[in-house]
Every structure is written in C-alpha cells, then in structure tokens.
Amino acid sequence: MNMRFYNKFLIIAIVALMAFSCKKEESTISRPLLGTAVSITIADDIDRAPLFELAFKEIERIQSIFNPSDADSDITKINSYAFKRPVIVSDECIDILLIARDVSEKTDGAFDMTFASMAGLWNLSRDDFIPPSKEKVAEILQFLSYKNVFVDKQSKSVRLLKEGTKIGFGGIVKGYASKKAVEVLKSKGVKNCLVACAGDIHVAGTNNGKPWLVGLKDPRGDSVIATFYMEDGDSVSTSGDYERYKIYNGKRYHHIIDPRTGYPAESGLVSVTVFSKDPILTDAYSTAFFVMGRERALTILKRAPEIAAVLITSDMKVYVSGSLRDRIHFREDLKIEYF
Ligand code: ADP
Ligand code: MG
C-alpha cells in the first residue's frame, strides 16, 4: 500500500502541544499503516511505550486481514477464489462484511464494497493518470453490487456471485482499526486515548481532563473551518474529494466511487463528516453520504438520531445536524444551516 498523509483533521498540532507538556515521553506516535498515517495519543501518565506497541500491533493485525497486496489475507482469498467456491474467512471479516451489507441496504447501495471491481480502472496513485474510457467503465459496472456478495454467517464463508466482482474494505477498515486499537488500550487499563487512522478518529476519556478538541480542515484550502469536542467513546470520520484525487483536463477525479455510475461520485458535496459512538459506522456512512449527496443523506440522518453529520457543498454551504450545535464551532464567514 502507498503511504499517504491525510489532513482532514487537525489533531496533530493539538496532540503535539501535549507532547511538549509531558516531559517523560512522547504522548503521540504516528506510523504509516493502512495506506495512511495512523496516529495514537495516550494521555494517561503511565509507561506508554509498551502500550503504543500493543495498539500498533493490533492495527498491523487488522491490516493483514484486509490488505489486498498480501497473498494470504482474507480479502485476497475472497477476490481470488470466492467466485469459484465458498471461501472461509476470519470471524472479524464476516462481522465487517455483515455491517457493510447493512449499511449498503440502508443507503440504497451508496456504500458498496464492490466498488473495488473498478479499482484497477481508477488508479489515482499513478502520476500519468488518465480516466478510463466510458466503454471500460460500462463493462465493469455490471459487477458492482453488494448483492453479488453472499455472506454465510453459519459456515463463515463468502461467495461472489459474479465473476469479475471484487470487494475492498477501504471505506470501512480505518474505522474498524481505530475501534479495535482503542479497545486494546482500554483492556490494558488506559483511560484516556485517541486513535486517528487518517480521517477516522475514536477517543476514550479526556485530554488531561478536557474533551478532545479536533479541527476540521477546509476542503478547498489550508485553514481550519470548524473545531469540535469529542467525549469518551465518541467517533468521527470525514470523507472528501480533496486528499486523494487527480485533475485531468480541468476535472477532478477522486477516490469515492458512485456504484450506480462507476465514476467518482459527483453529488455536490465536497466534504462529509459523520459523528457517532461507533467508528465503523462513521467511516461507512461518511463514504455513503458523500456518494448520496445532501438530500438523500438528510433523509437517512433524520431517521437515525445516533448519527450526526456536517455536509459541505461545492459552493461551501455547510449543513449541520442540530444535535451538534453545542459542540462544534465554525469559522465566522461560513454559511451554516442546521437541520
Ligand atoms: P478515506 O479513505 O479518505 O478516509 P473514505 O472513508 O470515504 O475516505 O473511504 C474512501 C475509500 O473507500 C476509497 O479509497 C475506497 O477504498 C473505498 N470506496 C470508494 N467508493 C466506495 C463506495 N461507494 N462504497 C464503499 N467504499 C468505497
Ligand atoms: Mg469511510
């Protein structure tokens, strides 16, 4: 996996300040994992070094299950053989597939792991990126549907019902990894920590007695457009078109695929931030809402009080769940509408 640094949130500066205030040892460590930068902060005044190792080991373990470049990973086995025969995978893989399916159903297929059938066509990491032809996209589009993935909970096996259908965990694995890393730290007695897998953050406890403070970056600039508090057990994820993209002939091509078209989603949104207690859901729904656009996302948000969101349109209008009003602060010049 390529190493990339994502900057959707500005926690680095905040946690760096903490590192200075703590003389004994670093309280934040970042490592390249899951194709991005994973950053862990432990705010407890304890011997942190072995705890960091355990938390990063946990993320490495998750990476090895969902890494398509690893020949032995569950994902490689599924994509290589599950069309021909049922492939038995780990319990964790089954669990995530079932959660992903549920989100796919609830978002009318906007979240869909079979986006990966297209992955080879949209190779955004290439310097000489050229968008694929319409014909090529149409040819692969027939393989995109979460309904082509059959998960059998009892036998812990997966089948792909169409040859050519492939799955990818990129829209959900970082949320899962942040959840598991926090779990591992808590199991070792850590009370206060933050795990950020790029734009997917999960926290426990407080930052030296205060809620964790995170800044959301401007999707079209370098400044911070909002700051918000995170309390014990909170999670947040951002999906946007401004970290992984290529411009070709003046047009932006990014990494979130609309499963209905096979093209990078053009929903009118440029940034979607989702808040909930469950980082797996924030990760999956931020991707889904980005695909769905404001109106369809609002329909779901109004029915699901356990999730809240900040939706930013391409003309920088900001739509915010009313439940966030007390914990989020926006840059003065922005036009904010609460729903
Ligand atoms: P990021 O990876 O930047 O944090 P997201 O959480 O939105 O952003 O995930 C985007 C990733 O999700 C893509 O790089 C790809 O791996 C995967 N993906 C792309 N389109 C979809 C989709 N429609 N449904 C599910 N996953 C997707
Ligand atoms: Mg996501």
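Our structure is the block above this text.
Keep in mind that what you see is a predicted model, and the values were worked out from it rather than measured. (Residues numbered from 1 in each chain as written. Chains lettered and ligands numbered in written order. Predicted model: local features only at pLDDT ≥ 70, side-chain atom pairs only at ≥ 80, totals over all residues. Heavy atoms only, no water.)

(A) Broad picture of empty space enclosed by the protein. For the structure on display, the rule yields one cavity of 30 Å³ or more. Taken as a whole, the largest cavity spans an internal volume of roughly 90 Å³. As for the largest cavity, its lining consists of Leu97, Ala100, Arg101, Ser104, Met113, Tyr146, Val149, Val151 and Ile167. Looking at the lining of the largest cavity, the elements that each hand over two or more residues are helix H4 (91–106) and strand E4 (149–152). Here the lining of the largest cavity takes four residues from H4, the largest share from any one element. Among the residues making up the lining of the largest cavity, the classes are represented as seven nonpolar, one polar and one charged. (1 Å grid on protein atoms, 1.4 Å probe; cavity = no way out; pocket = protein on both sides within 12 Å on 5 of 7 lines; lining within 4 Å. Points joined across faces, edges and corners; volume = space filled by probe spheres on them. Helix = DSSP H or I, 4+ residues; strand = E, 2+ residues; numbered from the N terminus. Nonpolar A, V, L, I, M, F, W, Y, C, P; charged D, E, K, R; others polar.)

(B) Inspection of the pairing of strand E13 (residues 269–276) at higher detail. In terms of burial, E13 is a largely internal element, eight of the eight residues being buried. Relative to E13, strand E10 (residues 235–240) is paired through six bridges, and the arrangement is antiparallel. Residue pairing across strands places Ser237 opposite Val274, the latter belonging to E13. As defined by bridge partners, E13 adjoins strand E14 (residues 308–313) across six bridges and the pair is classed as antiparallel. Residue pairing in the sheet places Val274 in a bridge with Ala309 of E14. (Buried < 20%, exposed > 50% of the residue type's maximum accessible area, 1.4 Å probe, protein only. Pairing = 2+ DSSP bridges.)

(C) Focus on the nonpolar core. Formed by 67 residues in total, the largest nonpolar core has its most connected members in Ile40, Ile59, Ile78, Phe169, Phe289 and Leu311. Discounting chain neighbours no more than four positions away, the residues touching Ile78 are Val87, Val89, Cys93, Leu97, Val158, Leu160 and Ile167. Grouped together as the second largest cluster of nonpolar side chains are 26 residues, Ala196, Ala226, Phe228 and Val310 included. (Core = buried A, V, L, I, M, F, W, Y, C linked by side-chain atoms within 4.5 Å. Contact = heavy atoms within 4.5 Å.)

(D) Molecular detail of the sheet that holds E10. The strand order across the open sheet formed by nine strands is E1-E2-E6-E7-E10-E13-E14-E15-E17, and the pairing between neighbours is mixed. If you trace the sheet from one side to the other, it starts and ends with strand E1 (28–33) and strand E17 (335–338), each paired once. The mean inter-strand angle of the sheet, taken between neighbouring strand axes irrespective of direction, is 15°. Bridge count for strand E15 (residues 317–320) against E17 is four bridges, and the pairing is parallel. Residue pairing in the sheet places Val318 in a bridge with Ile336 of E17. Across the sheet, helix H6 (residues 173–187) is in contact with strand E2 (36–42), strand E6 (193–197) and strand E7 (200–204); its angle to E6 comes to roughly 155°. Along the sheet, helix H7 (residues 279–292) contacts E7, E10, E13 and E14; its crossing angle with E13, the most-contacted strand, is approximately 155°. (Axes fitted to C-alpha atoms, helices over the stretch in contact; angles between N-to-C directions.)

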